[in-house]
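What follows is each chain in one-letter form.
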Amino acid sequence: MAGTDKLRIIATEEAFATPAQLAAIKEVADRTTDYDADIFLWKRMAGGGPLTDRLLDLEGERIEIMDAAGIDMHLLALTSTGVQMFDRDTAITVATEGNDLLVEAIKRHPTRFAGLATVPPQAPDAAVKEIDRAVNGLGLNGVMINSHTDDEFLSEKKYWPILEAIEASGKPLYIHPRAPNKLMAPAFRQDNLEYAIWGYMAEVGLHGLRMITGGVFEQFPHLQVVLGHMGEGIPFYFYRIDYMHHMTGQWPETQRAKLSLTPSETFKRNFSITTSGVNWDPPLKFNLEVLGDERVMFAVDYPYQETHEAADWIRGANIPEDVRRKVASGNAERIFKINI
Ligand code: MN
């Protein structure tokens, strides 16, 4: 019978926006004169349109599209860049109100929605409080941070109280992309490479690797991190990362964190990945082989990519049925503590 039961599908990287977030983004965009890839994208969307409508909608067309494609649940999070481009007070307000709005939507549709909390990394003390309120208190399923904040990664120690609070919550940190930080950005500008084509992966892949090599997981060995887009390139590069990390560690002038595990061992202990935006068997099979079948989860990346295409792909992917069930929903239920 196993092959004939309906496949339960939880999509784990699904975006929404709030009016307050869009208003704050517009304000930042209006006063920014220097080129910034994230703001450029928002300026293109500022006039509204189908994508903006879909981000703002939680309970109308979104659920119709889920139903039509056989998606049981969206794990929702405020769309990139969250609140990370706002001043401290605006970021705290937009994050808190957005989390409240998300919790209310989940209460109205407990079988259709779960959600990740938004926090302001630029205000670590407030972020820690909001993790306690929204994740520990209101039951959200983890935290999403959209890669760099003010061009810094979470490997910087000033952000470690946030990581400590997430580890203590027992729920994961999802690191979602944004365009490359200013030290990398100019090299990606030609031909629009700063977006999902390559820049997002380069930014988040480096971010994840910097957390590993910077010793974050020596300090927080139980912290669980989720990366989208089939692991942002890191698993594909395991062999060379381990080899070169060992080799450069022998250089007498090298000063860096002492790791008790190799980078790939750390990744396999502390990271999971999602398929967001990559509806393709080869990287799915590769990740299942190197990470095991407990650490790969399905995602669509709604509304940025097509729901039916992703759902049809995971139903038909050439993997064993028991593994398909883990990828489609079983692993998400365990990792994000989704109990419905
Ligand atoms: Mn996304």
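Scroll up for the structure.
The structure presented is a predicted model; accordingly, all values stated were derived computationally and were not measured. (Residues numbered from 1 in each chain as written. Predicted model: local features only at pLDDT ≥ 70, side-chain atom pairs only at ≥ 80, totals over all residues. Heavy atoms only, no water.)

Novice: What is the right way to read the sheet that holds strand 3 (residues 113-115) from this model?
Specialist: Working definition: the strands of a sheet are paired by backbone hydrogen bonds and lie parallel or antiparallel to each other. As summarised here, the arrangement of the 3 strands in space is 1-2-3, forming an open sheet in which the pairing is parallel. Unpaired on one side and paired on the other, strand 1 (10-16) and strand 3 mark the two borders of the sheet. Taking each pair of neighbouring strands and ignoring which way they run, the sheet shows an average axis angle of 35°. Examined bridge by bridge, strand 1 and strand 2 (residues 73-78) share 5 bridges and lie parallel to one another. Bridge pairing in strand 2 links F16 to L78. (Pairing = 2+ DSSP bridges. Helix = DSSP H or I, 4+ residues; strand = E, 2+ residues; numbered from the N terminus. Axes fitted to C-alpha atoms, helices over the stretch in contact; angles between N-to-C directions.)

Novice: Help me understand the nonpolar core, please; the structure alone is not making it clear to me.
Specialist: Buried together is how nonpolar side chains tend to be arranged in soluble globular proteins. By size, the foremost hydrophobic cluster in this structure holds 83 residues, and its most contacted members are L173, L284 and F298. Ranked by residues supplied to this core, first place goes to helix 5 (residues 88-108) with 7 residues. If sequence neighbours within four positions are ignored, L173 has contacts with V143, I145, L154, L163, I166, M211, Q224, V225 and V226. Judged by nonpolar contacts, the second largest core, of 14 residues, contains M73, L75, V226 and F336. (Core = buried A, V, L, I, M, F, W, Y, C linked by side-chain atoms within 4.5 Å. Buried < 20%, exposed > 50% of the residue type's maximum accessible area, 1.4 Å probe, protein only. Contact = heavy atoms within 4.5 Å.)

Novice: Help me understand the sheet that holds strand 6 (residues 173-175), please; the structure alone is not making it clear to me.
Specialist: On the basis of which strands lie adjacent, the open sheet formed by 6 strands has the order 4-5-6-7-8-9 and parallel pairing. Where the open sheet ends on each side, the last strands, each with one partner, are strand 4 (117-118) and strand 9 (296-297). With 3 bridges joining them, strand 7 (residues 225-227) and strand 8 (residues 271-274) adopt parallel strand pairing. Counterpart to L227 in the pairing with strand 8 is I273. Running at roughly 135° to strand 6, helix 8 (residues 199-213) makes contact with strand 6, strand 7 and strand 8 of the sheet.

Novice: Mind showing me how you'd approach the layout of surface pockets here?
Specialist: Think of a ball as big as a water molecule: rolled over the atoms, this probe shows where empty space is left. There is about 1100 Å³ of room inside the largest pocket. Taken together, 41 residues line the largest pocket, and the ones lying closest to its centre are A196, Y200, M201, H229 and E232. Within the residue set of the lining of the largest pocket, elements represented by two or more residues are helix 2 (37-45), helix 8 and helix 12 (281-291). Here the lining of the largest pocket gets 6 residues from one element, more than from any other, and that element is helix 8. A breakdown of the residues in the lining of the largest pocket according to their chemical character gives 25 nonpolar, 11 polar and 5 charged. Taken together, 22 residues make up the lining of the second largest pocket; nearest its centre are D36, M85, H148, D151 and R178. When contributions to the lining of the second largest pocket are tallied by element, the ones reaching two or more residues are helix 1 (19-31) and helix 2. (1 Å grid on protein atoms, 1.4 Å probe; cavity = no way out; pocket = protein on both sides within 12 Å on 5 of 7 lines; lining within 4 Å. Points joined across faces, edges and corners; volume = space filled by probe spheres on them. Nonpolar A, V, L, I, M, F, W, Y, C, P; charged D, E, K, R; others polar.)

Novice: Just checking my understanding: could you explain helix 12 for this structure?
Specialist: An α-helix turns once per 3.6 residues; consequently, residues spaced three or four apart project the same way. Residues of helix 12 that are buried include every one of D281, P283, L284, N287, L288 and L291, and no others. Close packing links the buried residues of helix 12 with helix 10 (238-249), helix 11 (263-270), strand 8, strand 9, helix 13 (307-316) and helix 14 (321-335). Residue G292 follows helix 12 closely and has a positive phi angle near 90°.

Novice: Got a minute to help me understand empty space enclosed by the protein in this structure?
Specialist: Considering all chains together, one arrives at 2 cavities of 30 Å³ or more under this definition. Considered as a void within the structure, the largest cavity measures approximately 60 Å³ in volume. What lines the largest cavity is E13, E14, A15, A77, L78, T79, S80, M144, H176, D301 and Y304. Mapped onto the lining of the largest cavity, the elements with two or more residues apiece are strand 1 and strand 2. It is strand 1 that provides the largest number of residues to the lining of the largest cavity, a total of 3 residues.

Novice: Can you help me understand the coordination of the manganese ion in this one?
Specialist: Think of it this way: four donors in a tetrahedron around the metal ideally sit 109.5 degrees apart, and six in an octahedron ideally sit 90 or 180 degrees apart. Protein coordination at the manganese ion: the donors are E13 (OE), H176 (NE2) and D301 (OD), at 2.0 to 2.2 Å from the metal. All donors of the manganese ion come from a single chain, and their spacing in sequence reads E-x162-H-x124-D. Here E13 is found in strand 1, whereas its partner D301 is found in the loop between strand 9 and helix 13, with 288 residues between them in sequence. Note on accessibility: E13 and D301 belong to one class, buried. (Donors = N, O, S within 2.8 Å, 3.2 Å for Na, K, Ca; no water.)

Novice: Would you explain the pairing of strand 8 in this entry?
Specialist: It is a general feature of regular strands that their side chains alternate between the two faces of the sheet. A two-sided burial pattern is seen for strand 8, the buried positions comprising F271 and I273 on one face and S272 and T274 on the other. Across 2 bridges, strand 8 lies against strand 9 in parallel orientation. Opposite I273, over in strand 9, you have V296 as the bridge partner.

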